[in-house]
Amino acid sequence: MLSDLNLPMTRLAVLIAAIGLVALTALAIVTMLDIAGRELFGVPINGFSDIADMMVVFAAASCFPISLIERHHVSVRFLGKLNWRLREMLDLLGHTLMLAVFALMSWQVAVYALDVYQSGQTTWLIRLPVWPLWFATTFMIGVCVPIQALIVAEQVGRAFSRVPLRELHEDGPESLDADAGLPS
Amino acid sequence: MTPIEIGLLGFLCLIIVIFLQVPIAIAMAVTGAAGYLVLTGNLKGMISLFGTETVNVLMNKDFAVIMFFLLMGGFAGAANLSADIYRFANAWMGHLRGGLAMATIIGCGGFGAICGSSIATTATMARIAMPEMERRGYALSLCTGTLAAGGTLGSLVPPSVIMVIYAVQVEQFIIDLFIGAILPSILSILLFLIAVRIQLYLHPGMAPPSPRTNLSERLATTRKAWGAIFVIVVVMGGIYSGVFTVNEGAAVGLVLTLAFALGRRLLTGETFWKTLREQAGSIALLYLILIGANIFGYFITLSHMPEATVAWIKSLGIPPISVILVLILMYIALGCVFDALSGMVLTLPFVAPLVSGLGYDLVWWGIVNVMLIEIGMITPPVGINVFVMHGLRKDIPLSTIFRGITPFLLANLVALGLVVAFPDLVTWLPKALK
């Protein structure tokens, strides 16, 4: 978790995830209505698949910020067992690479969102404009960049600490960094 | 450099980066992007990979199933459906010697049919079954081994998140994997039950006999379990009969489990947000792994390494089954040092073309892969289900849990051997139902 100093970021991430997953739950309910309409009365909801496709993108992207804050990663943690400073330095490497990947992802998704906006792309059936979805997605992935930057900053402090620090990840030699872990 | 050399070098770099403690998803993305740059010299193309692959994964409708199934599992736990299944199995089997352990295995299999995740199955069932087994004087190694191993059924019993990922990555129908997994799931459950009985035959003191439940109690617990049975029948029945698509079935399952949690007044605002928050982390983790795997897979495909590997192995004239056995040994070894699901995702770009190139069915290989992941989840030193169990009961030494899972590990190997020797165990049912 980020330190309390970064509570606003945590709150924002929780809010984004909550909106995304409540939207997904609502989508599941509407899916059931669509099935009922289709199977019982032969009347599916018009354009439902267009909205469903968009909602799925939104829900998935909404989960990224909170997962960074709660450090849901899978990593192999053998080398770090040798020495606490090596462990923290390697974690710094991992967090920095993750920052770079999220920066590239948000930049390139923004480029895609802009393309979609300029081309006036719409959904297939009910011709909804797609750009608001991709602008929102860009925002949600973009929020990950400052969050991960804060995590890197905290990790710098850990890597150069004067006193030995306890392992943040204590689930096992190969760690799932938060209690939910990899859902396999 | 030849394609095989480039691909192998890329894979070697990936392993090194992973052992430098870099999260596996990020290691795949970074190595794949670097490999692409080496192959093409196109920096702009490399940067754009991060956009195209992110957009492709986010827009993939099949992956939505993962989100629905994860939330469904979360709400099923909140609705106590897992406890109902366990009590139901316990009422009918609890009086047998080792009956509680056997009920736990059936409970894990039943909850796996609602949940789709091994870790969630272990964690959920441990909270319900562990106190009961301890109260009846069961040996700790038997209790923890049963739960850690039984939990792996969450991945094998359909619906399964791993099967969805595999099916999308190798472009097979998700439903074929779900149907193909039915017989191997039943086989695994039976072998786990046999493993319990053999342990008790050798060490009768591990589980004292329990009193028989009377018929009215049995019927009462059966009636109480209707919710779980209803969800399983509607979701899987709807999917298999073709009334729903897999996506729709998963959505229906989510709504039903949510309705049960609400109807039973077990879903407070707090548990609702907790479930969403826990599953959000898992969803993002899987999506990030898939984005990383797509970038790495793009590089591997571009290197033409898979085709070159298949051609090379065919030129050696080795019998295909020997190649399969080597792959199985490789995955078992990989599962000893590595998260087994990540191992599957990052090796699929090489292995899937190889397996299909040798003439094997990719649905069959998918089930073999899931069984290998099950084995990886309980294999020392990094079996994740063992650590989940240990996380829940820190007072029980890891050595006790690993000792407890040994008979189940052997049962898993027997099940795997049978599925490899008789592929029809997987392929017959999907064909018969078409």
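Scroll up for the structure.
Values in this document were obtained by computation on a predicted structure and should not be read as measured data.

Novice: Would you mind showing me how to read the side chain of Thr-137 of chain A here?
Specialist: With respect to the element layout, Thr-137 of chain A can be found in helix α5 (residues 131-159). Setting aside its immediate chain neighbours within four residues, Thr-137 of chain A contacts Val-57, Ala-61 and Val-109 of chain A together with Leu-58 of chain B.

Novice: Is there a simple way to explain the interface of chain B and chain A in this structure?
Specialist: The figure often quoted for interface size is the accessible area lost as the parts come together. Counting residues at the interface gives 66 residues for chain B, matched by 66 residues for chain A. Summed over both sides, the interface between chain B and chain A buries roughly 5700 Å², with carbon and sulfur atoms accounting for 78% of that surface. The three residues of chain B that bury the most area against chain A are Gln-21, Leu-58 and Arg-277 of chain B, which together make up 14% of that side's buried surface. Between the two partners, chain B and chain A, sit three salt bridges.

Novice: I'm lost on the packing of aromatic side chains in this one. Help?
Specialist: Geometry of an aromatic ring pair is reported as the spacing of the ring centres plus the angle between the planes. All names here are of chain B. Within this structure, the stated rule accounts for 20 aromatic pairs over all chains. Relative to Tyr-298, the ring of Tyr-36 has its centre 5.9 Å away and its plane inclined at 50°; by these criteria the two rings are tilted. Here the residue Tyr-36 occupies a position in helix α2 (residues 24-40), and Tyr-298 occupies one in helix α16 (residues 269-302), the gap between them amounting to 262 residues. Its relative accessible area of 9% is what places Tyr-36 among the buried residues. Taking 5.4 Å as the distance between ring centres and 85° as the angle between the ring planes, the aromatic pair formed by Phe-192 and Phe-408 counts as edge-to-face. Of this pair, Phe-192 sits in helix α12 (residues 182-202) while Phe-408 sits in helix α22 (residues 398-421), and the two are 216 residues apart along the sequence. For the pair Phe-192 and Phe-408, a shared accessibility class is recorded, and that class is buried.

Novice: Can you walk me through the packing of α12 of chain B against α22 of chain B in this structure?
Specialist: Residues and elements named next belong to chain B. Between α12 and α22, the least distance of the axes is 9 Å, while the angle of their chain directions is 145°. Handedness of the α12/α22 crossing: right-handed. Contact with α12, carried on its side by Pro-184, Leu-187, Ser-188, Leu-191, Phe-192, Ala-195, Val-196 and Gln-199, involves Pro-407, Phe-408, Ala-411, Asn-412, Val-414, Ala-415, Leu-418 and Val-419 of α22 and no other residues of that element. Taken together, the residues of the contact of α12 with α22 break down into 13 nonpolar, three polar and no charged.

Novice: Explain the pattern of salt bridges here, please?
Specialist: Pairs can form between side chains of opposite charge whenever their charged atoms are close. In the structure shown here, the tally under the stated rule is 15 salt bridges over all chains. Across the pair Glu-132 of chain B and Arg-135 of chain B runs a salt bridge whose closest N-O atoms are separated by 3.0 Å. In this pair, Glu-132 of chain B and Arg-135 of chain B both sit in helix α7 (residues 118-135), three residues apart, roughly one turn of the helix. Assessed through its relative accessible area of 60%, Arg-135 of chain B is described here as exposed. Close ionic contact of Glu-134 of chain B with Arg-393 of chain B constitutes a salt bridge, the shortest N to O distance being 2.5 Å. Of this pair, Glu-134 of chain B sits in helix α7 while Arg-393 of chain B sits in the loop between α21 (384-392) and α22; the two residues are 259 residues apart in sequence, bridging distant segments of the chain. Under the relative-accessibility criterion, Glu-134 of chain B is labelled partly exposed at 31%. Connected through shared salt-bridge partners, Arg-38 and Glu-39 of chain A together with Glu-248 of chain B make up one network.

Novice: Please explain the layout of surface pockets as it appears in this structure.
Specialist: Any empty space left between the atoms is revealed when a probe the size of a water molecule rolls over them. In this structure, the second largest pocket occupies an estimated 580 Å³ of space. Looking at the lining of the second largest pocket, the elements with two or more residues in it are α10 (161-169), α11 (174-180), α16, α17 (305-316) and α19 (340-357) of chain B.

Novice: Explain the packing of α16 of chain B against α19 of chain B to me, please; I cannot follow it from the model alone.
Specialist: Geometry of a packed helix pair, given as the angle between the helix axes and the separation of the axes. Residues and elements named next belong to chain B. Orientation of α16 relative to α19, taken along the N-to-C sense of each, is 25°, at an axis distance of 8 Å. By the angle between their directions, the pair α16 and α19 is classed as roughly parallel. Crossing angle aside, the handedness with which α16 passes α19 is right-handed. Between α16, through Leu-286, Ile-289, Ala-293, Phe-296, Gly-297 and Ile-300, and α19, the contact on the second element is made entirely by Leu-341, Ser-342, Val-345, Leu-346, Pro-349 and Phe-350. Across the contact of α16 with α19, the residue classes break down as ten nonpolar, two polar and no charged.

About the thresholds
Residues numbered from 1 in each chain as written. Chains lettered and ligands numbered in written order. Predicted model: local features only at pLDDT ≥ 70, side-chain atom pairs only at ≥ 80, totals over all residues. Heavy atoms only, no water. Helix = DSSP H or I, 4+ residues; strand = E, 2+ residues; numbered from the N terminus. Contact = heavy atoms within 4.5 Å. Buried area = accessible area lost by both parts, 1.4 Å probe. Salt bridge = Lys/Arg side-chain N within 4 Å of Asp/Glu carboxyl O. Phe/Tyr/Trp six-rings, centres within 6.5 Å; stacked < 30°, edge-to-face > 60°. Buried < 20%, exposed > 50% of the residue type's maximum accessible area, 1.4 Å probe, protein only. Axes fitted to C-alpha atoms, helices over the stretch in contact; angles between N-to-C directions. Left-handed = near helix turned anticlockwise from the far one by under 90°. Nonpolar A, V, L, I, M, F, W, Y, C, P; charged D, E, K, R; others polar. 1 Å grid on protein atoms, 1.4 Å probe; cavity = no way out; pocket = protein on both sides within 12 Å on 5 of 7 lines; lining within 4 Å. Points joined across faces, edges and corners; volume = space filled by probe spheres on them. Parallel < 35°, antiparallel > 145°, perpendicular 65-115°, else oblique.

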